Structure formats: C-alpha cells, structure tokens
Amino acid sequence: MAITPKHPSPDRICVKYAAKKTSVVIRQMDDDTVLIEAPAAGLKFLGELLLAQASFAKDCAFQIDAGAQHFDASSEKGLYIHRLPCIDKERRTSKRPQQKRRLRALP
C-alpha cells in the first residue's frame, strides 16, 4: 500500500502532532491494567498512529518511548506497535523446520 495523505506513515503522524500538546500518559495501574490517559489531541494522535501502522506496508513495527515529546513526563511506559503477520517472519521461514525438529527431540 502506498504512503499517501490518506495512508501516512507512523513517522508522519508523529511529525503532524509534534507541535500539538498531546501529553500522553501510559502507566501500570495494577497487575492487569495499563492506563492510557491524554487530552483529546493525545487520544487522536494514538488513534491515528495505530491506523497508520495498520496501513504501513514497509514495516510491521513502530516504537515510541516514554521519553518522547508526545508523552507527558509522568508517563512510565512507551508503546511498541506490531502488526501481524510479521514481515520478519517471512524472512525466517527457512529456519522454522529446524526449530520444530529441535523441539520434538527434547525429552
């Protein structure tokens, strides 16, 4: 799928929101829950970022760390967005049968 204004890359979404106050906070609430908190601009940023990664054919993963300008200083977590099927998995298909044989040989 071509990168067009209708299908921007995740990097273009970051550039688009660079000057806006997104102030995304991601932190662990408890053992089972992660909190994502932001003003409307921050939630729109995350939504567009997810949609961009879903449509970005050149790479299956995108990472943004907690210290990035889009995150509030209190944010404890970053994001790693990975779309399936993995592009790297296609490159490793020749090794897969060997891994299966090794697993079967274990006692």
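Above this text sits the structure in question.
Novice: Even after reading the chapter, I still don't get a nonpolar patch on the surface, so can you show me in this structure?
Specialist: Nonpolar side chains collect at one region of the surface, where Val34, Ile36 and Leu43 lie side by side and expose about 260 Å² of accessible area between them. Given the relative accessible area of 48%, valine 34 is considered partly exposed.

Novice: How should the side chain of serine 23 be read in this particular structure?
Specialist: As for its position among the elements, serine 23 is in the loop between helix H1 (10-16) and strand S1 (25-30). Taking the relative accessible area as the measure of exposure, serine 23 reaches 17% and is therefore buried. At 3.4 Å, the side chain of serine 23 forms a polar contact with the side chain of lysine 21.

Novice: Whenever I open this one, the side chain of glutamine 53 confuses me. Can you help?
Specialist: With respect to the secondary-structure elements, glutamine 53 resides in helix H2 (residues 40-55). Take glutamine 53: its relative accessible area is 1%, and that puts it in the buried class. From its side chain, glutamine 53 meets the backbone oxygen of aspartate 59 in a polar contact 2.9 Å long. Polar contacts involving the side chain of glutamine 53 include one to the main-chain carbonyl oxygen of cysteine 60, which spans 3.4 Å. For glutamine 53, the residues in contact, after removing those within four places along its chain, are Pro10, Asp59, Cys60, Ala61, Phe62, Ile81 and Arg83.

Novice: Help me out: how do you make sense of the packing of aromatic side chains in this one?
Specialist: To describe a pair of aromatic rings, you give the distance between the ring centres and the angle between the ring planes. Under the defined criterion, the tally for this structure stands at one aromatic pair. The cationic tip of lysine 20 hangs over the ring face of tyrosine 17; the distance from NZ or CZ to the ring centre is 4.7 Å.

Novice: Would you mind going over unusual backbone geometry with me for this structure?
Specialist: Negative phi values dominate among residues other than glycine, just as trans dominates among peptide bonds. The linkage connecting leucine 84 with the following residue, proline 85, adopts the cis geometry, with an omega of 0°. With respect to the element layout, proline 85 can be found in the loop between strand S4 (79-82) and helix H3 (87-91). One non-glycine residue with positive phi stands out, namely serine 23, at about 45°.

Novice: Help me understand the pairing of strand S2 (residues 33-37), please; the structure alone is not making it clear to me.
Specialist: Every regular strand shows the same layout, with side chains that alternate between the two sheet faces. The sheet contact formed by S1 and S2 spans five bridges and is antiparallel. Paired with valine 25 across the two strands is glutamate 37, which belongs to S2. Hairpin connection between S1 and S2: a loop of two residues separates the two successive antiparallel strands.

Novice: What is the right way to read the pattern of salt bridges from this model?
Specialist: Once their charged atoms are close, side chains differing in charge can pair, the charge on each being opposite to the other. A full pass over the atoms with the stated rule returns two salt bridges. Between glutamate 48 and lysine 16 there is a salt bridge; the shortest N-O distance is 2.8 Å. Here glutamate 48 is found in helix H2, whereas its partner lysine 16 is found in helix H1, with 32 residues between them in sequence. Exposure remark for lysine 16: the relative accessible area of 44% places this residue in the partly exposed category. Close ionic contact of glutamate 37 with arginine 27 constitutes a salt bridge, the shortest N to O distance being 3.5 Å. Note that glutamate 37 is positioned in strand S2 and arginine 27 in strand S1, a separation of 10 residues in sequence. By relative accessible area, glutamate 37 is classed as partly exposed at 40%. A relative accessible area of 25% means that arginine 27 is categorised as partly exposed.

About the criteria used
- Residues numbered from 1 in each chain as written.
- Predicted model: local features only at pLDDT ≥ 70, side-chain atom pairs only at ≥ 80, totals over all residues.
- Heavy atoms only, no water.
- Patch = residues over 30% accessible without salt bridge, like charges linked within 9 Å, V, L, I, M, F, W, Y side chains within 5 Å.
- Areas by Shrake-Rupley, 256 points an atom, 1.4 Å probe, with all protein chains shown as cover.
- Salt bridge = Lys/Arg side-chain N within 4 Å of Asp/Glu carboxyl O.
- Buried < 20%, exposed > 50% of the residue type's maximum accessible area, 1.4 Å probe, protein only.
- Helix = DSSP H or I, 4+ residues; strand = E, 2+ residues; numbered from the N terminus.
- Polar contact = N/O pair within 3.5 Å; in protein donor to acceptor, adjacent residues only side chain to side chain.
- Contact = heavy atoms within 4.5 Å.
- Phe/Tyr/Trp six-rings, centres within 6.5 Å; stacked < 30°, edge-to-face > 60°.
- Lys NZ or Arg CZ within 6 Å of the ring centre and 35° of its normal.
- Pairing = 2+ DSSP bridges.

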